[in-house]
Amino acid sequence: MEEDLFIYLIIHLTKHYSAAGIGIRFFIDICLYVRHFKPTMDWTFIWSELSGLGLREFAESIMGLCSVWFEGAAGNEVYDEMAEYVLSSGIYGTRRHSVLSALGIKNHKQQPAWAAKLRYMLKLFFPPLSVMRVQYPILEKVPLLMPFCWLLRGIRCMLFKRKNTFRVIKSVSSVSGEDIDKLRSLHSKTGLIRTRDE
């Protein structure tokens, strides 16, 4: 039972970490949980399950950072980079980290920054039918109205969500190729990208 919850905590942390970044709070949860249940947990089972999910290497990185922060273990360059990323993420991540994640981790083809940013903006402003159907149910019956619905959505964003729309545009344009490469490198070192690309 304790093992299942621990695995869930790792998966949950991984989801947030890779989507928009996370704050130190998630790491405190992991550390406190391990301190309380470590003697009774079946670590062979845990590592086996995490390996099957492709998350073992990343989980080891998480546990290593927890040890550095809360148990006085020696750090290294990877843990320093992870710490910088986590401490700049706020409590639940940031819009900038979300954009970086979309441009870095989810950019499997490793396109140049300008191409990845263009592709991201196109997906943002022209979502696929599966997304548009939620807001515009008419598309279930008449998918040919999609261009009209995109236009309507754009007008609504400019009239009612102007500030947020421009914040998103600013976040995307502020990300550089160097930022994307740095994040990909960090996630590669911690095992996150490899596990997602396999």
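Residues numbered from 1 in each chain as written. Predicted model: local features only at pLDDT ≥ 70, side-chain atom pairs only at ≥ 80, totals over all residues. Heavy atoms only, no water.

Caption draft 1: Spatial organisation of helix α2 (residues 24–37). Here α2 spans 20 Å end to end across 14 residues, near enough to the 20 Å set by a 1.5 Å rise per residue. For α2, the set of buried residues is F26, F27, I30, C31, Y33 and V34. Taken around the axis of α2, the buried residues stretch over an arc of 165 degrees, which confines them to a single face. On the buried face of α2, the contacting elements are α1 (2–19), α3 (43–52), α4 (56–71) and α5 (77–87). (Helix = DSSP H or I, 4+ residues; strand = E, 2+ residues; numbered from the N terminus. Expected span 1.5 Å × (residues − 1). Buried < 20%, exposed > 50% of the residue type's maximum accessible area, 1.4 Å probe, protein only. Arc of directions from axis to C-beta. Contact = heavy atoms within 4.5 Å.)

Caption draft 2: Structural detail: the packing of helix α6 (residues 95–104) against helix α11 (residues 162–174). Orientation of α6 relative to α11, taken along the N-to-C sense of each, is 55 degrees, at an axis distance of 9 Å. When the interaxial angle is binned, α6 and α11 end up oblique. Note that α6 runs across α11; the crossing there is right-handed. On α11, the residues touching R95, R96 and V99 of α6 are N164, R167, V168, S171, V172 and S174. (Axes fitted to C-alpha atoms, helices over the stretch in contact; angles between N-to-C directions. Parallel < 35°, antiparallel > 145°, perpendicular 65-115°, else oblique. Left-handed = near helix turned anticlockwise from the far one by under 90°.)

Caption draft 3: Layout of α4. Spanning 16 residues, α4 covers 21 Å between terminal C-alpha atoms, matching the ideal 22 Å at 1.5 Å per step. Those residues of α4 lying buried are F58, A59, S61, I62, M63, G64, L65 and C66.

Caption draft 4: Local environment of the nonpolar core. One finds F6, L13, Y17, F27, I30, W43 and L50 to be the most contacted residues of the largest nonpolar core, which totals 44 residues. If we skip the residues at most four places from it in the chain, Y17 touches I22, F58, M82, Y85, V86, L186, H187 and L192. (Core = buried A, V, L, I, M, F, W, Y, C linked by side-chain atoms within 4.5 Å.)

Caption draft 5: Geometry of the packing of aromatic side chains. If you walk through the whole model with that rule in mind, you get 9 aromatic pairs. Judged by centre distance (4.7 Å) and plane angle (45 degrees), the rings of Y33 and F37 are tilted. Of this pair, Y33 and F37 both sit in helix α2, 4 residues apart, which is roughly one turn of the helix. With relative accessibility at 11%, the residue Y33 sits in the buried group. On the accessibility criterion, F37 (23% relative accessible area) is partly exposed. When the centroid spacing of 5.9 Å and the interplanar angle of 35 degrees are considered together, the rings of W43 and W47 count as tilted. Here W43 pairs with W47, and both are found in helix α3, just 4 residues apart, close to one helical turn. Judged by relative accessible area, which is 18%, W43 ranks as buried. Through successive ring pairs, a cluster of aromatic residues spans F6, Y33, F37, W43 and W47. (Phe/Tyr/Trp six-rings, centres within 6.5 Å; stacked < 30°, edge-to-face > 60°.)

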